[in-house]
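Residues per chain are reported as follows:
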Amino acid sequence: MRVLIQSDYASVSKWAAKHVADTINKFQPTADRKFVLGLPTGSSPLGMYRELIKMNKEGIVSFKNVITFNMDEYVNLPKEHPESYYSFMWNNFFKYIDIPENQVNILNGNAADLEKECAEYEARIKMAGGIQLFVGGIGPDGHIAFNEPGSSLTSRTRLKHLSLDTIIANSRFFENDTTSVPTSALTVGVGTIMDAKEVLILVSGYNKARALQQAIEGGVSQMCTLSALQLHKNGIIVCDELATYDLRVSTYRYFKGIEKDNLL
């Protein structure tokens, strides 16, 4: 597992965007051989999306031959709702780049049969050839997607009920009203994410410091689902200085040293 410690959120965003663009370009996708990209929502990837939009407009990277799969979606929240992840992705990313609409995949939290929706989502990923690069963020408790503490590390796309911590954390998007936050969501599983050929996790801010410490220095545990990244052969965490506050000094210096030539 690689850990790249950047100075601040802006640097995290720029590094992540460059890595995504470089990985797509190295793959050299075509109409018959598309690149498959997994994407997150939330505040962590916003800076990366802004950088990718800029790179797309400058002709540095194209999404014409890219298929995307998003990590999750709320249940029973209309997709037109401003806080649905469908709205989030189109308002913050997709409508500004050259990706065809039929190559965007987002879970339908309003499907009549949620179990079937999850099974079909897994099937679509498989049909696309598997995810080349899955980008994600984490919650303050170290969960990836909506795989909250206690989630199986081999889990697949499924319905999950959200913890109070997650509901409180996400209430900032609902005018700080916890009663307005959906209590369940559809989410890819930890196993779904770990099946990707490469996983890139963005971690920023002091409120993520404890989770980052557990994921890097602790053992692999379902109580911190990000810790599963320790078992991935191509796992990367790019974080800012604030997120490293709970790491041991020796851990911090180790990763700063071995990645010194790969930082912005």
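For the structure given in this document, a descriptive report is provided here. No experiment lies behind these values; they were computed from the predicted model shown. For every chain, the first residue of the written sequence is number 1, and numbering continues from 1 onward in sequence order. Confidence filtering applies because this is a predicted model: local features only for residues at pLDDT of at least 70, side-chain atom pairs given and counted only at 80 or more, and all residues used for totals across whole chains, interfaces and linings. As a rule here, side-chain values come from all non-hydrogen atoms in the structure, and water together with hydrogens is ignored.

Here's the deal with the pattern of salt bridges
So, step 1. Any carboxyl oxygen of Asp or Glu within 4 Å of a side-chain nitrogen of Lys or Arg constitutes a salt bridge here. Within the structure shown, the criterion is met by 7 salt bridges.
So, step 2. Of the charged contacts, one joins Lys18 and Asp22 as a salt bridge, the two residues approaching to 2.7 Å between their closest N and O atoms. Of the two residues, Lys18 and Asp22 both sit in helix 1 (residues 9–27), 4 residues apart, roughly one turn of that helix.
So, step 3. Burial here depends on accessible area, computed with a 1.4 Å probe over protein chains only, as a share of the maximum for the residue type. Under 20% is buried, over 50% is exposed, and the range in between is partly exposed. The exposure class of Lys18 is partly exposed, given its relative accessible area of 46%.
So, step 4. Looking at Asp22, the relative accessible area reads 37%, which means it is partly exposed.
So, step 5. Between Glu241 and Lys256 there is a salt bridge whose closest N-O contact spans 3.3 Å. Within this pair, whereas Glu241 is found in the loop between strand 10 (235–240) and helix 8 (249–258), its partner Lys256 is found in helix 8, the two being separated by 15 residues in sequence.
So, step 6. With relative accessibility at 24%, the residue Glu241 sits in the partly exposed group.
So, step 7. Residue classification places Lys256 among the partly exposed positions, given a relative accessible area of 25%.
So, step 8. Each of Glu122, Arg156 and Asp195 takes part in a single network of salt bridges with overlapping partners. Strands are runs of DSSP state E lasting at least two residues, helices are runs of H or I lasting at least four, and both sets are numbered from the N terminus onward.

Description of the layout of surface pockets
So, step 1. If you add up the space inside the largest pocket, you get close to 490 Å³.
So, step 2. Only protein atoms enter the calculation, which uses a 1 Å grid: trapped sets of points that fit a 1.4 Å probe without letting it out are cavities, open sets showing protein on both sides within 12 Å along at least five of seven lines are pockets, and any residue with an atom within 4 Å of a point is a lining residue. As for the largest pocket, its lining consists of 28 residues, of which Thr41, Gly42, Ile138, Asn170 and Arg172 are closest to the centre.
So, step 3. Mapped onto the lining of the largest pocket, the elements with two or more residues apiece are strand 4 (72–74), helix 3 (85–92) and helix 5 (164–170).
So, step 4. Each residue gets one of three labels, nonpolar for Ala, Val, Leu, Ile, Met, Phe, Trp, Tyr, Cys and Pro, charged for Asp, Glu, Lys and Arg, and polar for the others, Gly among them. In the lining of the largest pocket, the residues fall into 12 nonpolar, 12 polar and 4 charged. Grid points are joined across faces, edges and corners, and a volume is the space filled by probe spheres set on the points.

Structural notes on the environment of Arg33
So, step 1. By the element assignment, Arg33 lies in the loop between helix 1 and strand 2 (35–39).
So, step 2. Linking Arg33 and Asn65, residues 32 residues apart in sequence, is a C-alpha distance of 7.7 Å.
So, step 3. Here Arg33 is in contact with Phe27 and Gln28, once residues within four sequence places are set aside. Between two residues, a contact is recorded if the distance between any of their heavy atoms is within 4.5 Å.

A look at the sheet that holds strand 7 (residues 158–161)
So, step 1. Strand pairing follows a simple DSSP-based rule, namely that at least 2 bridges must link the two strands. As summarised here, the arrangement of the 3 strands in space is 4-8-7, forming an open sheet in which the pairing is antiparallel. What marks the edges here is a single partner per strand, and that holds for strand 4 and strand 7. Within the sheet, the average angular offset between the axes of one strand and its neighbour, ignoring direction, is 30°.
So, step 2. Bridge count between strand 4 and strand 8 (residues 184–187): 3 bridges; the pairing is antiparallel. Residue Glu73 lies in a different strand from strand 8, and its bridge partner there is Leu186. Lines fitted to C-alpha atoms define the axes here, with helix axes fitted over just the stretch in contact, and angles between the N-to-C directions of these axes take values from 0 to 180 degrees.

Examining the state of the cysteines
So, step 1. Throughout, disulfides are identified as pairs of cysteine sulfur atoms within 2.5 Å of each other. Summed over the entire model, instances satisfying the criterion amount to 0 disulfides.
So, step 2. Cysteine Cys224 is unpaired, with the sulfur of Cys239 as its nearest cysteine sulfur at 14 Å.

Some points on the nonpolar core
So, step 1. Formed by 38 residues in total, the largest nonpolar core has its most connected members in Ile144, Ile193, Ile201, Val203, Leu226, Ile237 and Cys239.
So, step 2. Those elements that provide at least two residues to this core are strand 1 (2–6), strand 3 (66–70), helix 4 (114–127), helix 6 (190–194), strand 9 (198–203), helix 7 (209–217) and strand 10.
So, step 3. Other than its neighbours up to four places away in sequence, Val203 contacts Ile138, Lys208, Leu212, Ile237, Val238, Cys239, Asp240 and Ala243.
So, step 4. Counting 35 residues, the second-largest nonpolar core is a separate cluster that includes Trp15, Phe27, Met55 and Val104. Buried Ala, Val, Leu, Ile, Met, Phe, Trp, Tyr and Cys residues form a nonpolar core when they are joined through side-chain atoms within 4.5 Å.

A closer look at the packing of aromatic side chains
So, step 1. Here is the rule: rings of Phe, Tyr and Trp (six-membered ring for Trp) pair when centre to centre is within 6.5 Å. Planes less than 30 degrees apart are stacked, more than 60 are edge-to-face, and the remainder are tilted. Here the structure, examined in full by the defined rule, presents 13 aromatic pairs.
So, step 2. For the pair Phe63 and Phe93, a centre-to-centre distance of 5.6 Å together with 85° between the ring planes defines the contact as edge-to-face. Here Phe63 is found in the loop between helix 2 (46–57) and strand 3, whereas its partner Phe93 is found in the loop between helix 3 and strand 5 (104–105), with 30 residues between them in sequence. Both residues of the pair, Phe63 and Phe93, count as buried.
So, step 3. With a centroid separation of 6.4 Å and an interplanar angle of 45°, the aromatic rings of Tyr86 and Trp90 are classed as tilted. Of this pair, Tyr86 and Trp90 both sit in helix 3, 4 residues apart, roughly one helical turn.
So, step 4. By relative accessible area, which is 25% here, Tyr86 ends up partly exposed.
So, step 5. Classification of Trp90 by relative accessible area gives buried; the value is 16%.
So, step 6. Grouping aromatic residues by their ring pairs yields a cluster made of Tyr49, Phe63, Tyr86, Trp90, Phe93 and Phe94.

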